[in-house]
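Observations on the three-dimensional arrangement
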Amino acid sequence: MKEMDLRTSYQETTKRLDGHGSRTVGVLQEALRTVSADQPSDIYGNGELIKTFERKMVDLLGHDDAVFFPSGTMAQQIALRIWSDEQNNRKVAYHPLCHLEIHEQDGLKKLHGIEPILVGEADRMMTIDDVKALPDVSCLLLELPQRELGGLLPSREELEVICAYARKQNIRLHLDGARLLEVLPYYEAEAKDIAQLFDSVYISFYKGLGGVAGAILAGPEPFCQEARIWKRRYGGDLISLYPYILSADFYYEQRKDRMAEYHAAAKELASRLNAISDISTRPQEPVSNMFHLYFKAEKAVVEEKLVEIQSHGKVGIAGYLVEKESGCATEVNIGDSFLTLTPDERETVYRQLTEAFSED
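Residues numbered from 1 in each chain as written. Predicted model: local features only at pLDDT ≥ 70, side-chain atom pairs only at ≥ 80, totals over all residues. Heavy atoms only, no water.

Topic: the side chain of Asp65
Along the chain, Asp65 turns up in strand S2 (residues 65–69). For Asp65, a relative accessible area of 16% gives the class buried. In terms of polar contacts, Asp65 uses its side chain to reach the side chain of Arg228, at 2.8 Å. Not counting chain neighbours up to four residues away, the residues in contact with Asp65 comprise Val58, Leu217, Ala218, Gly219, Glu221, Cys224 and Arg228. (Helix = DSSP H or I, 4+ residues; strand = E, 2+ residues; numbered from the N terminus. Buried < 20%, exposed > 50% of the residue type's maximum accessible area, 1.4 Å probe, protein only. Polar contact = N/O pair within 3.5 Å; in protein donor to acceptor, adjacent residues only side chain to side chain. Contact = heavy atoms within 4.5 Å.)

Below you can see the structure in the form of C-alpha cells.
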C-alpha cells in the first residue's frame, strides 16, 4: 500500500461522516442542471436574478432589505464598518474566537481602523455579565453557533437577555449567523425569530447548505443601501455573481428543511463516539449539526490510526487534526453524507474506532 497522510486518505474514501460530499465542480453542475441557458445573468449587482434571491432572503429573515455578497468576510467587515460610522465609535465587541479576530488577518484594523474589544474568555461563551462589563462600543457581534467552541449556543433566554441589554445601551447588534439555519431546531424557532433580535444578520450559503460560495447581509434599508456602496468599494460587485446565487438558491431549497434531520443525526453520532474509550465530543450532546471530536492520544498517534482506518475502509472520518493541550481534535459537520451511510457502514466505523482507540 502506498504511504498516505491523513488528508489524502480522507479524500480517497468514497463516503464520509462529515458534510454533503466532496467539493468538486459537480456541486455547481448539480445546481445548474435545471436552469435554462437563456436565463439572464445579474450584472454588477443588478438584475432580476439577484434581486429575486435577495427578496427571498428578506422574507426568510424578516428584515427590510438584504444584499448578496460573494463572501461572509466581506459582508461582516462592512456591517461593522457601517455601524461604527453610524455611532461615530471605532470600537466593536466580539468573542475572542470570532472569525474576524482569528481568520481575517486583522481586516477590521487594517482596512477600517476599527478596534475590536474581546468579550469574555476564549474557552467559553460570553455571558450577560461579560457584556455588562464592556466599555462604550458601537456594535456587539454574536456568533450562533460558536464554531470554535464546538458549536455551543446560549439558551434562548440568555440570548434574549443579552440582546435586550445591548439595545438599552444603544449598542448595535450584529449576528454572525453563518450557520443560522442549523440552530433553528435547537431553538425551535423560525429564522426570522432569531434574526429580528439583531440589527443586522449574515448567513452563509456554503457551510451547512453546501453551495459554491456566497452570503447574505440583511438589515434596515439605509444600512443595506450603504452596504451596497461598500460592496462596490470592496470589488464585490463582480460582472456576474450568478454561479454563486443559483447554487445558493438551489441548495437552500434542497436543504433548508433538513436541519432537524442533521441535528438528530449529529446527536446519534456523538452519542456513539462518546461511548468509545479516549474519544469525546464537545458539546457532549450537540445543539446543532456540528461538534468537535476530541482524541486523548497525541496527534501523530491518532493520525496513524485514522489513516489506517480510512485507507482500508470506505468511510472518511477526518481530513485534519488540531493539536490541543491534551491530545487533538477535529470538527464534524453533519449533512447529507452521514445520512446516506447504511446502518452497517455506521456500525463498521464505530467498531473500527473502538478497536483502534481501546488498545492502549
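So much for the structure itself; the text now carries on.
Looking at unusual backbone geometry
The omega torsion across Leu144 and Pro145 is -5°, close enough to zero to call that bond cis. Pro283 follows Arg282 through a cis peptide bond whose omega is -5°. One can find Pro283 in the loop between strand S9 (279–282) and strand S10 (290–295). Even without a glycine there, the phi angle at Gln105 is positive, about 50°. Mapped onto the secondary structure, Gln105 falls in the loop between helix H5 (99–102) and helix H6 (107–112). Given a relative accessible area of 73%, Gln105 falls into the exposed group.

Remarks on the packing of aromatic side chains
All told, the structure shown has eight aromatic pairs when counted by the stated rule. A centroid spacing of 4.6 Å and a plane angle of 20° characterise the contact between Trp83 and Phe223, whose relative ring orientation is stacked. With Trp83 in helix H4 (residues 72–87) and Phe223 in helix H11 (residues 221–233), this pair connects stretches of sequence that are 140 residues apart. Phe223 carries the same exposure label as Trp83, and that label is buried. Put simply, the rings of Phe53, Phe68 and Phe205 pair up and form one aromatic cluster. The positively charged end of Lys231 is found above the aromatic ring belonging to Phe69, 5.6 Å away from the centroid. Taking NZ or CZ as reference, Arg233 lies 4.5 Å from the ring centre of Trp230, over its face. (Phe/Tyr/Trp six-rings, centres within 6.5 Å; stacked < 30°, edge-to-face > 60°. Lys NZ or Arg CZ within 6 Å of the ring centre and 35° of its normal.)

Regarding the pairing of S10
Of all six residues in S10, six are buried; the element is thus mostly enclosed. Judged from the four bridges that link them, S9 and S10 form a sheet pairing that is antiparallel. Across the sheet, the residue bridging to Thr281 is Leu293, located in S10. Pairing of S10 with strand S13 (residues 328–333), which is carried by six bridges, proceeds in the antiparallel orientation. Within S13, the position partnered with Phe291 by the bridge is Val332. (Pairing = 2+ DSSP bridges.)

Details of the sheet that holds strand S7 (residues 200–204)
Backbone hydrogen bonds hold the strands of a sheet together, and the pairing may be parallel or antiparallel. The strand order S2-S8-S7-S6-S5-S3-S4 describes an open sheet built from seven strands, whose pairing is mixed. With one partner strand each, in any of the chains shown, S2 and strand S4 (115–118) form the two edges of the open sheet. Geometrically, the sheet is characterised by an average inter-axis angle of 20° between neighbouring strands, direction not taken into account. Examined bridge by bridge, strand S3 (residues 91–94) and strand S5 (residues 139–143) share two bridges and lie parallel to one another. Bridge pairing in S5 links Val92 to Cys139. Across the face of the sheet, H4 comes into contact with S2, S3, S5, strand S6 (172–176), S7 and strand S8 (215–219) while running at roughly 175° to S6. (Axes fitted to C-alpha atoms, helices over the stretch in contact; angles between N-to-C directions.)

Observations regarding the pairing of S13
With respect to burial, S13 is a largely interior element, six of its six residues being buried. Burial along S13 is two-sided: the residues Cys328, Thr330 and Val332 and Ala329, Glu331 and Asn333 are all buried. Looking at chain direction, strand S12 (residues 322–323) and S13 are connected through two bridges and run antiparallel. Each bridged residue has a counterpart across the sheet, and for Glu323 the counterpart in S13 is Cys328. Between the end of S12 and the start of S13, which pair antiparallel, lie four residues, with Gly327 showing a positive phi angle near 90°.

Looking at the sheet that holds S10
Read from one edge to the other, the open sheet built from four strands follows the order S9-S10-S13-S12, with strand pairing classed as antiparallel. Of all strands in the sheet, those bounded by a partner on one side alone are S9 and S12. Here helix H13 (residues 259–274) sits on the sheet in contact with S9, S10 and S13, set at roughly 145° to S9.

Geometric descriptors of this kind do not, in isolation, establish any biological role.
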